[in-house]
Amino acid sequence: MVTGEPAHAAAVCAGAAGWLLVAHGPGPRRARLLFAGADTGTAGADAPPWSWRRWAPLARARREWLCLVAAVVLALLGESVLPLVAGAAAVPLVRRRLRDREHSRDRERRAEAVIELCGAVAGELRAGWQPARALLFAVRSTGALGDHEATVLAAARFGGDVPEALRGAAKADGAEGLAGLAACWQVAVDGGAGLAAGLDRLEAALRERRDQRERLRAQLAGAWATVVLLALLPVVGLAMGWALGADPLRVLLHTPAGLGCLVVGGLLEALGLWWAGHVVRAGEQP
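Below or above, wherever it landed, is the structure these notes cover. (Residues numbered from 1 in each chain as written. Predicted model: local features only at pLDDT ≥ 70, side-chain atom pairs only at ≥ 80, totals over all residues. Heavy atoms only, no water.)

Observations concerning the packing of aromatic side chains
If you walk through the whole model with that rule in mind, you get two aromatic pairs. Taking the centre distance of 5.7 Å and the plane angle of 65 degrees together, the rings of Trp 129 and Phe 137 count as edge-to-face. On the basis of relative accessibility, which here comes to 40%, the residue Phe 137 falls in the partly exposed class. Aromatic pair Trp 274 and Trp 275: ring centres 6.1 Å apart, planes at 45 degrees, arrangement tilted. With relative accessibility at 51%, the residue Trp 275 sits in the exposed group. Cation over ring: Arg 133 sits above Trp 129, and NZ or CZ is 5.2 Å from the ring centre. (Phe/Tyr/Trp six-rings, centres within 6.5 Å; stacked < 30°, edge-to-face > 60°. Buried < 20%, exposed > 50% of the residue type's maximum accessible area, 1.4 Å probe, protein only. Lys NZ or Arg CZ within 6 Å of the ring centre and 35° of its normal.)

Here's what the structure looks like:
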């Protein structure tokens, strides 16, 4: 019965590590977008204090501290401070990784908003609105410009340099499509070309680029699953050792040979995960 408790703790740690690795992948993100009903920012505002919905945003904001929780469990089981040191070192690394994923999601949302902006402006132009007024309505309805919204709206309302304002907004990460909108606007103003037709072609090109990225991610989902499986294999090995009646933590944390194997294995594991992730991320580039 004693060996069952470490095995259960190892299973909990493995589950936490797997959740950290895959909880923010493209598959779960699509599921949340498909099945989300209300705004996630205010979903738990009216929930009672004992409801998980009220505390879920705080838990998501501090996901990296799960590394320290797992480290405390391993430190207690192995009677060593080494897991605590490793867990404390992992917290900033996981925080940086989660921040990068959040920036990636913001970039994708901004790119999607730019596509919607092009379609909205083209639709308003076909409805008979003037370009400046169509842009004003579309910007307010899509929110694609972010911090540059006031500058673009002022240029459109008071006869300023709208293409230059759009080019400035296009410098934001994920808003590169606004440079195409600025070019279409410039051609329409200088040459009298149809702005709506140009925006239709721009919207189609941006959608095709987005769909290409999604297809690549779908094709690489199996590769990411392989990376996660490789990351969890050492934990599975420890659990198998406990199940067989051994004490792998004592060997790894309290013997010279075990410490050497732990250091070398940890370095090889980190290097392998970095290289596998690098290869898969390179394949995601369209």
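Comments concerning the pattern of salt bridges
Under the criterion given, the structure shown has 12 salt bridges. Measuring nitrogen to oxygen at the nearest pair gives 3.1 Å for the salt bridge that ties Glu 203 to Arg 207. With a gap of four residues between them, Glu 203 and Arg 207 both fall in helix H10 (residues 195–219), about one helical turn apart. For Glu 203, a relative accessible area of 15% puts it in the buried group. (Salt bridge = Lys/Arg side-chain N within 4 Å of Asp/Glu carboxyl O. Helix = DSSP H or I, 4+ residues; strand = E, 2+ residues; numbered from the N terminus.)

Overview of the environment of Glu 149
You can see Glu 149 is positioned in helix H7 (residues 149–157). Discounting residues that sit within four places of it in the chain, Glu 149 has contacts with Val 139, Arg 140 and Gly 143. (Contact = heavy atoms within 4.5 Å.)

Here we look at helix H8 (residues 162–169)
Most of H8 is tucked away, with six of its eight residues classed as buried. Considered for burial, the residues of H8 that qualify are Val 162, Pro 163, Ala 165, Leu 166, Gly 168 and Ala 169. Capping the start of H8 is the job of one residue whose side-chain oxygen sits 3.3 Å from the backbone nitrogen of Glu 164: Asp 161. (Polar contact = N/O pair within 3.5 Å; in protein donor to acceptor, adjacent residues only side chain to side chain.)

Regarding the nonpolar core
Counting residues in each nonpolar core, the largest one holds 36 residues, and the members touching the most others are Leu 117, Leu 135, Leu 145, Leu 178 and Leu 199. Looking at this core, the elements that each hand over two or more residues are helix H5 (82–126), helix H6 (131–142), H7, H8, helix H9 (177–191) and H10. With eight residues, the single largest contributor to this core is H5. (Core = buried A, V, L, I, M, F, W, Y, C linked by side-chain atoms within 4.5 Å.)

Topic: H6
In this model H6 runs 16 Å from its N-terminal to its C-terminal C-alpha over 12 residues, within 8% of the 16 Å that 1.5 Å per residue would give. Among all positions of H6, only Ala 134, Leu 135, Leu 136, Ala 138, Val 139 and Thr 142 are buried. Remark: Gly 143 follows H6 within two positions and exhibits a positive phi of approximately 65 degrees. (Expected span 1.5 Å × (residues − 1).)

Re a nonpolar patch on the surface
A surface patch of nonpolar side chains, about 360 Å² in accessible area, is lined by Val 72, Leu 76, Val 81 and Leu 84. Here Val 81 is to be found in the loop between helix H4 (66–78) and H5. (Patch = residues over 30% accessible without salt bridge, like charges linked within 9 Å, V, L, I, M, F, W, Y side chains within 5 Å. Areas by Shrake-Rupley, 256 points an atom, 1.4 Å probe, with all protein chains shown as cover.)

A look at the environment of Glu 164
Counting through the fold element by element, Glu 164 comes out in helix H8. It is 9.1 Å that separates the C-alpha atoms of Glu 164 and Ala 179, two residues lying 15 residues apart in sequence.

Observations concerning the environment of Glu 203
As for Glu 203 and Gly 119, which are separated by 84 residues in sequence, their C-alpha atoms are 6.4 Å apart. Excluding residues within four positions of it along the chain, Glu 203 makes contact with Ile 115, Cys 118 and Gly 119.

Quick word on the packing of H4 against H5
Following both chains from N to C, one finds H4 and H5 inclined at 170 degrees, their axes separated by 8 Å at the closest point. Looking at the two axes, H4 sits roughly antiparallel to H5. Where H4 abuts H5, its residues Cys 67, Leu 68, Ala 71, Val 72, Leu 74 and Ala 75 lie against Pro 83, Leu 84, Gly 87, Ala 88, Ala 90, Val 91 and Val 94. Grouping the constituent residues of the contact of H4 with H5 by class yields 12 nonpolar, one polar and no charged. (Axes fitted to C-alpha atoms, helices over the stretch in contact; angles between N-to-C directions. Parallel < 35°, antiparallel > 145°, perpendicular 65-115°, else oblique. Nonpolar A, V, L, I, M, F, W, Y, C, P; charged D, E, K, R; others polar.)

Remarks on the packing of H5 against H6
In the contact formed by H5 and H6, the axes pass within 8 Å of each other and the chain directions differ by 140 degrees. Judged by the angle between their axes, H5 and H6 are oblique. In the crossing of H5 with H6, the sense of the turn from one axis to the other is right-handed. Side by side, H5 and H6 meet where Ala 113, Glu 116, Leu 117, Ala 120, Val 121, Glu 124 and Leu 125 of the first sit next to Pro 131, Ala 134, Leu 135, Phe 137, Ala 138, Val 139 and Thr 142 of the second. Of the residues contributing to the contact of H5 with H6, the split by class is 11 nonpolar, one polar and two charged. (Left-handed = near helix turned anticlockwise from the far one by under 90°.)

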